Amino acid sequence: MATYIAPLRDMAFVIHELLRAPERLRQMPAFAEIDADLLDSAIAGAARFAEGVIAPLNAIGDEMGCRVDAGKVTTPTGFAAAYRQYIDGGWPTLSCATAHGGQGFPALAHTAIVELLCGANQSWTMTPILSHGIYKIVSQHASPALKQLWLPAIVDGSVTTTMLLTEAHCGSDLGLLRSTAVAAPEHDLPESPAYRLSGSKIFISGADHEWTDNIVHMVLARLPDAPPGVRGISLFLVPKRLGDGALNALTVTHVEHKMGLRGSPTCAVSLEGALGWLVGKPHQGLAAMFILMNEARLNTGVQAYSVAQGAYDAALAYARERLQMRVSSGARRPDLPADPIVHHPDVRRMLLTQKARIEGGRMLGYWLALCSDIETHHPNEAERADAADLLALLTPVAKAFLSSNAFDDANLALQVLGGHGYLRDHGIEQRVRDVRVAQIYEGTNGVQARDLVSRKILGDGGVKLGRLLTWIRHFLATQAKTPAMTALVGPIGRLADAFEAQAHRLADVQKTDRDAPDTAAHDMLQALGHLCFGYLFARAAAISLPQADDADPFHAAKLATAQFYVGQLMPQAFAHLEAARASAQGNELGGVRLDEARLFGAG
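Right, let's walk through the structure included here. All figures in this text were calculated on a predicted structure; none of them were measured in a lab. (Residues numbered from 1 in each chain as written. Predicted model: local features only at pLDDT ≥ 70, side-chain atom pairs only at ≥ 80, totals over all residues. Heavy atoms only, no water.)

It is worth spelling out the overall build of the protein at this point. Regarding its fold elements, the protein presents 20 helices and eleven strands. Whereas a compact globule of 603 residues would reach a radius of gyration of roughly 25 Å, the protein reaches 25 Å, a difference of no more than 12%. Just so you have it, the protein exposes about 24500 Å², and 54% of that area is on carbon and sulfur atoms. Averaging the locations of the 53 positively and 61 negatively charged side chains of the protein gives two centres separated by 3 Å. (Helix = DSSP H or I, 4+ residues; strand = E, 2+ residues; numbered from the N terminus. Rg over C-alpha atoms; globule rule 2.2 N^0.38 Å. Areas by Shrake-Rupley, 256 points an atom, 1.4 Å probe, with all protein chains shown as cover. Lys, Arg positive; Asp, Glu negative; His and termini not counted. Charge placed at Lys NZ, Arg CZ, Asp CG, Glu CD.)

So, in structure tokens, the structure goes:
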């Protein structure tokens, strides 16, 4: 069974060399005490916890799964004990503000640790991963009374948290939710009106377990006077146990039987007059919840490539040892009866594809995490605004592009092992099953694509996109006279031009066909993902080029990976743009409107 190895060298490259994060964080008073050594120390400590404590539980969790008995959920052996070690290590407090009892680390550190934990054991990590987003909601939107009651326990991890959004009839369209809340004034707290909530929720990660005695649920529901749609949704804090220790009227009806993430207690929950308190203003709960949802979407992309990293590591180790045939150009290992498959071009293609997309995902994920820190904490208003625009534009790309890549990468890793990959022995088939959900939850990838094109690109007249393209073109111009960079700069510049042209074309077409942006959205998101990866790999190449001859082969490998990505993977973006152009031509082929009845038949 493969073990998890934290990719600390590449993480350090992105944080220190590509982003120069410690230097940029020092510009923000909130992080004046977080120097490079402290940042590295935290990440190294998380790596030890990931490798030594939760990685050995990954296969166990998949084999045992979770069970529910009389509304009480039990998780796999070792999961609860690992969480106690997690608390003892102070990890829940890491990125919470010092004013709330936290350690005050940046979002970038939180993102790096999410990668390590998910790469080691995604099922285990599903329960604690939400707490930072819930912390932000409570600290920013809850009343002083609710903060006093719940913030300390959320920060130190003595309670875990969930978000209760999805109902059986509505997932991405939360405007359809039916859960209700009626006033319970006898339980009001100062500035915190109390309500009794009723309804059913599904797909709730960490809804119940034996890790902690209490769980804080953030629930979306409707007040009696709520207007229809998303403008009528309110947010409530609903604890598992009330102040006197009594169980609230919230019951786990069953644990979902899932394709993957079997060690994560994903539950269906029934609220039967459960007592909760309003968070924020009536009918404005979705705005508060989006604080968590946007962070969760970025985290989904990060967790996806981190799971793929584990599959890639196992595939690479296998390819170095597995002997099969001779390479066509001649024996690479004449001392052996056959060559290790790592030398065969098609296996090398599969491994390089995984390596490039995982490293590209890390660069994009960490870049956006740093943007989150800048948006929140930078003293310069223009810097904050630029970071906010970039984060808004690229969060759907990070969620959808990275999760789609990760599933493909895990499948490639399985393919490298052939029939052995299809067995459980190497742990890759579990990672294929586990990572598949990343394309579904936190808003399906189709929803992300629609958000990107309709709201983030066309919705503001291309302002955010224009700012990104300006940054990319400025960097390309600085590298245009470096001979070794021209093979990278040219294709990236052409892709930037082609993407901008297609965005303008969509803006024109939507005037007569409102469906055109949605029809083209998937391909537009894929193309923009490739453009971002190409840009980031070009930056990585510019850093690595002067160091490519060092005794340490890291930078030479980074340069080669950048060349592979731009030369062999990024060209897929042009096919996506051509597909986007064709699909947005009035949705017509041969002059015949392709409506649903003609495509799929009546009924």
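Another aspect to go through is unusual backbone geometry. Even without glycine at this site, Phe203 takes up a positive phi of about 60°. Position of Phe203 among the secondary structure elements: in strand S5 (residues 194-205). Non-glycine residue Glu442 carries a positive phi angle of around 60°. Looking at the secondary structure, you find Glu442 in the loop between helix H13 (428-435) and helix H14 (445-457).

Here we take up helix H11 (residues 381-417). Compared with the 54 Å implied by 1.5 Å per residue over 37 residues, the 51 Å span of H11 between its first and last C-alpha is a close match. Maximum bend of H11: about 40°, positioned at Leu394, with proline Pro396 one to four residues after it. Put simply, Asn380 is the residue that caps the front of H11, since its side-chain oxygen is 2.9 Å from the backbone nitrogen of Ala382. The positive-phi residue at the C-terminal boundary of H11 is Gly418, with phi of around 60°. (Expected span 1.5 Å × (residues − 1). Bend = angle between axes of the 7 residues up to and from the residue. Polar contact = N/O pair within 3.5 Å; in protein donor to acceptor, adjacent residues only side chain to side chain.)

A cluster of acidic residues, Glu33, Asp35, Asp37 and Asp40, forms a negative patch at the surface. Its place among the elements puts Glu33 in the loop between helix H2 (21-25) and helix H3 (36-54). Here Glu33 falls in the exposed class, since its relative accessible area comes to 68%. (Patch = residues over 30% accessible without salt bridge, like charges linked within 9 Å, V, L, I, M, F, W, Y side chains within 5 Å. Salt bridge = Lys/Arg side-chain N within 4 Å of Asp/Glu carboxyl O. Buried < 20%, exposed > 50% of the residue type's maximum accessible area, 1.4 Å probe, protein only.)

Our focus in this paragraph is the nonpolar core. Counting residues in hydrophobic clusters, the biggest one holds 184 residues, and the most contacted among them are Trp124, Met218, Met289, Leu364, Trp367, Leu394 and Leu528. The greatest single-element share of this core, amounting to 20 residues, is contributed by helix H9 (residues 285-321). Those residues in contact with Met289 that lie beyond four places of it in its chain are Ile137, Met163, Leu165, Met218, Leu220 and Leu235. If you look at the next biggest cluster of nonpolar residues, it comprises 21 residues, including Leu223, Phe236, Val269 and Leu278. (Core = buried A, V, L, I, M, F, W, Y, C linked by side-chain atoms within 4.5 Å. Contact = heavy atoms within 4.5 Å.)

This part covers the side chain of Glu359. Looking at where Glu359 falls in the secondary structure, it is placed in helix H10 (residues 345-377). If we skip the residues at most four places from it in the chain, Glu359 touches Asp10, Phe537, Lys558 and Thr561.

Glancing now at the pattern of salt bridges. Inspection of every chain in the model, using the stated rule, returns 30 salt bridges. With a closest N to O distance of 2.9 Å, Lys558 and Glu359 form a salt bridge. Pair noted here: Lys558 is in helix H18 (residues 554-569) and Glu359 is in helix H10, with a separation of 199 residues, a long-range link. Note that Asp518 is salt-bridged to Arg450, the shortest N-O span being 3.3 Å.

What follows is about the packing of H10 against H11. A pair of packed helices is characterised by two quantities: the angle between their axes and the separation of those axes. Packing of H10 against H11 leaves a shortest axis separation of 8 Å and a crossing angle of 155°. Here H11 runs roughly antiparallel to H10, going by the angle between their axes. The handedness of the crossing between H10 and H11 is left-handed. Of the residues belonging to the contact of H10 with H11, the class tally is 20 nonpolar, seven polar and six charged. (Axes fitted to C-alpha atoms, helices over the stretch in contact; angles between N-to-C directions. Parallel < 35°, antiparallel > 145°, perpendicular 65-115°, else oblique. Left-handed = near helix turned anticlockwise from the far one by under 90°. Nonpolar A, V, L, I, M, F, W, Y, C, P; charged D, E, K, R; others polar.)

Moving on, we get to the environment of Leu364. Relative to the assigned elements, Leu364 resides in helix H10. Considering only alpha carbons, one finds Leu364 and Val397, 33 residues apart in sequence, at a separation of 9.3 Å. Setting aside chain neighbours within four positions, we find Leu364 in contact with Leu394, Val397, Ala398, Leu402, Phe533 and Leu536.

On to H9. With 37 residues, H9 should reach 54 Å at 1.5 Å per residue; the first-to-last C-alpha distance of 54 Å fits that figure. Its axis deflected by about 30° at Ile291, H9 carries its strongest bend there. By the criterion of burial, H9 is predominantly enclosed, with 30 of the 37 residues buried.

Tallying each qualifying case throughout the model produces zero disulfides. Not engaged in a disulfide, the cysteine Cys96 finds its nearest cysteine sulfur in Cys118; these two sulfurs lie 17 Å apart. A relative accessible area of 2% places Cys96 in the buried class. There is no disulfide at Cys267, and the cysteine sulfur nearest it, in Cys66, is 7.3 Å away. Given a relative accessible area of 0%, Cys267 falls into the buried group. (Disulfide = S-S within 2.5 Å.)

Next up on the list: the side chain of Glu256. Relative to the elements of secondary structure, Glu256 occurs in the loop between strand S8 (250-255) and strand S9 (266-279). It turns out Glu256 is buried and unbridged, and the closest side chain with the opposite charge, Lys258, is 8.0 Å from it. Within the local environment of Glu256, its side chain forms a polar contact with the side chain of His254, the two groups lying 3.3 Å apart. Once residues lying within four places of it in the same chain are set aside, the contact partners of Glu256 are Ile202, Phe203, Thr266, Cys267 and Ala268.

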